[in-house]
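As a plain string of letters, each chain reads:
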Amino acid sequence: MAVSESEQRRGVVAVIEPGGHKLPLSMAGPGAMGKTGYWRTQRPVVNYERCTGCYLCWLYCPDNVIEMVPGKGPRGQDIPVIDYDYCKGCGVCAAVCPVKAIDMVDESKFLAKEKEEGDGNA
Amino acid sequence: MAVNIKKLPKKPYVIPGHAACPGCPESMGFKYLGMALGDKAVVVIPAGCSSVIQGLWPRQGFGLPILNIVFAAAASTASGLARALKRRGVDAQVVVWAGDGGTADIGFQALSAAAERGEDIIYICVDNEAYMNTGIQRSGLTPYGAWTTTTHTGKKQFKKPMPQIVAAHRVPYVATASVGYPWDFIAKLKKAASIRGFKYIHLHAPCPVGWRFDPSLTAKIAQLAVETGAWILYEYENGKLRLNPPSNRLIDPKKRKPIEEYLKLQGRFRHLKPEDIEMIKKEIETNWEDIIRALKIQGDL
């Protein structure tokens, strides 16, 4: 039994052999619960001047939204870049940072700004 | 086995946008599981928070093959899976990722039987000290004095000594770990994967929702639990007990931080009276005495 084009586009149906039964299958991918960035009330903001590139925030982030970019810091260090689409704003990164380079800022400040710019995110 | 943080795999085994609460220790722990075992791991998850964290079809938030199964059958399912994969010649490591209820209460007989048969699996108990997924009910691993929705005045019984119970099955590897010390957990997982037979790792995972603390403190509270001596990091390798850093420096009670530092951050211990804190201190002291006695018998102390 072939998988139809519309089913393939959704990427959700697997054919199990033998028997050829079509089964709904969850595929690993971002956004299993949508853009979880909407849950956030406080936004982590990284001060790259202070950051030493120690990787601790990357290691502890429970949502895996921090990506380490090698050699892009002001002193040539590796720096964390946060994906705000999915960051839930728990603040674990700010709490484990040994040099206090991550500040938790109220989300309302960013939402007001984004509204002005017409981002539609608010 | 030292772990270099910068050389850990960058591949996401926990994928952004999953359904965990902010500051979840289980998704943290699962990330370390992926980092340690890589694509070799096949995970069996009984009912619990981790079955919810995966999110809704057609996506899933964990980047490893997962079999979701009922509470009572996690270890027995993993036994069959490990044997079948071996016969089919697949190079895989079957891992059970169970909560404290799925380990110490409902899943206990399957765990005990798999340990007795010596199945080639890694059993990880993610211990958040209550049934968090169903609404914070007490479990056999809830500590003395802790508030839950079924123990309003604090639990009156002590925590089950789960690692010792499994170690009494004489399995090749039993260890305790904490989400506050990922390098220790990753090293223990790698060691467990290199051993054949039944391996058990007990992962301490502070839950911000159920323990009533700020989500940013997950890692800090996990570290405080170890530094105050409330949670001890050790491993039994072929029956031989060894303390791991930083717990190996804390045999002397004077070197431990006061337990109040750990208790005062958590809302579930808010109602404690001084005599309750004395009871908790006594329990911790008993746990340490057991460890020290075992080390003395081995001649390591």
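Coordinates for the structure precede this section.
On a predicted model such as this, the values are computed, not experimentally measured, just so you know.

Caption draft 1: Structural context of the overall build of chain A. Of regular secondary structure, chain A possesses four helices and seven strands. By residue count, 41% of the 122 residues in chain A fall in the buried class. At a minimum sequence separation of 6, the contacts of chain A that also span at least 24 residues come to 59%. Per element, the accessible surface of chain A, about 6,800 Å² overall, is 53% carbon and sulfur.

Caption draft 2: Highlighting the interface of chain A and chain B. Contact with chain A, which involves 33 residues of that partner, is made by 43 residues of chain B. Of the roughly 3,100 Å² buried between chain A and chain B on both sides combined, carbon and sulfur atoms contribute 63%. On the chain A side of the contact with chain B, Trp58(A), Leu59(A) and Tyr60(A) bury the most area, a combined 20% of that side's loss. Our enumeration of links across chain A and chain B arrives at zero salt bridges. Our count for the chain A to chain B interface comes out at 19 residue pairs in polar contact (both at pLDDT 80 or more).

Caption draft 3: Just the packing of helix 3 (residues 74-87) of chain B against helix 5 (residues 108-117) of chain B, in detail. Contact geometry of helix 3 of chain B with helix 5 of chain B gives a least axis separation of 7 Å together with a crossing angle of 35°. Contacts between helix 3 of chain B and helix 5 of chain B involve Ala75(B), Ser76(B) and Ser79(B) from the first element and Ala110(B), Leu111(B), Ala114(B) and Arg117(B) from the second.

Caption draft 4: Expanded view of the nonpolar core. The biggest cluster of nonpolar side chains holds 59 residues, and the ones touching the most others in it are Phe198(B) and Tyr200(B). The element contributing the most residues to this core is helix 11 (residues 274-298) of chain B, with six residues. The next biggest cluster of nonpolar side chains, apart from the first, holds 58 residues, and it includes Tyr55(A), Val126(B), Ala192(B) and Ile195(B).

Caption draft 5: Seen up close, the layout of surface pockets. All names here are of chain B. Each pocket or cavity is described by its volume, and for the largest pocket that value is around 730 Å³. Around the largest pocket, the lining comprises 36 residues; the ones closest to its centre are Pro161, Gln164, Ile232, Tyr234 and Asn287. When contributions to the lining of the largest pocket are tallied by element, the ones reaching two or more residues are helix 6 (162-167), strand 8 (234-237), helix 10 (259-263) and helix 11. At nine residues, the largest contribution of residues to the lining of the largest pocket is made by helix 11. A class-by-class count of the residues in the lining of the largest pocket yields 23 nonpolar, seven polar and six charged. Of the pockets and cavities examined, the second largest pocket occupies roughly 480 Å³. Lining the second largest pocket are 20 residues, with Ala82, Lys86, Ala92, Asp120 and Arg196 sitting closest to its centre. Tallied by class, the residues present in the lining of the second largest pocket amount to seven nonpolar, three polar and ten charged.

Caption draft 6: Main features of the sheet that holds strand 3 (residues 66-69) of chain B. Residue and element names in this part refer to chain B. An order of 3-1-4-5-7-6-8-9 is seen for the eight strands of this open sheet, with the pairing classed as mixed. With partners counted over all chains shown, the strands left at the sheet margins are strand 3 and strand 9 (240-243), one partner each. On average, each strand axis in the sheet is inclined to that of its neighbour by 20°, with strand direction left out of account. The pairing of strand 8 with strand 9 spans four bridges and is classified as antiparallel. Bridge pairing in strand 9 places glutamate 235 opposite arginine 242. On the sheet, helix 11 packs against strand 8 and strand 9 and is oriented at approximately 120° with respect to strand 9.

Caption draft 7: Expanded view of the packing of aromatic side chains. Residue and element names in this part refer to chain B. In this structure the tally under the stated criterion is ten aromatic pairs over all chains. If you follow arginine 256 out to its NZ or CZ, it ends over the ring of tryptophan 288, 4.3 Å from the centre. The side chain of arginine 268 reaches across the aromatic face of tryptophan 211, ending 3.8 Å from its centre.

About the cut-offs
- Residues numbered from 1 in each chain as written.
- Chains lettered and ligands numbered in written order.
- Predicted model: local features only at pLDDT ≥ 70, side-chain atom pairs only at ≥ 80, totals over all residues.
- Heavy atoms only, no water.
- Helix = DSSP H or I, 4+ residues; strand = E, 2+ residues; numbered from the N terminus.
- Buried < 20%, exposed > 50% of the residue type's maximum accessible area, 1.4 Å probe, protein only.
- Contact = heavy atoms within 4.5 Å.
- Areas by Shrake-Rupley, 256 points an atom, 1.4 Å probe, with all protein chains shown as cover.
- Buried area = accessible area lost by both parts, 1.4 Å probe.
- Salt bridge = Lys/Arg side-chain N within 4 Å of Asp/Glu carboxyl O.
- Polar contact = N/O pair within 3.5 Å; in protein donor to acceptor, adjacent residues only side chain to side chain.
- Axes fitted to C-alpha atoms, helices over the stretch in contact; angles between N-to-C directions.
- Core = buried A, V, L, I, M, F, W, Y, C linked by side-chain atoms within 4.5 Å.
- 1 Å grid on protein atoms, 1.4 Å probe; cavity = no way out; pocket = protein on both sides within 12 Å on 5 of 7 lines; lining within 4 Å.
- Points joined across faces, edges and corners; volume = space filled by probe spheres on them.
- Nonpolar A, V, L, I, M, F, W, Y, C, P; charged D, E, K, R; others polar.
- Pairing = 2+ DSSP bridges.
- Phe/Tyr/Trp six-rings, centres within 6.5 Å; stacked < 30°, edge-to-face > 60°.
- Lys NZ or Arg CZ within 6 Å of the ring centre and 35° of its normal.

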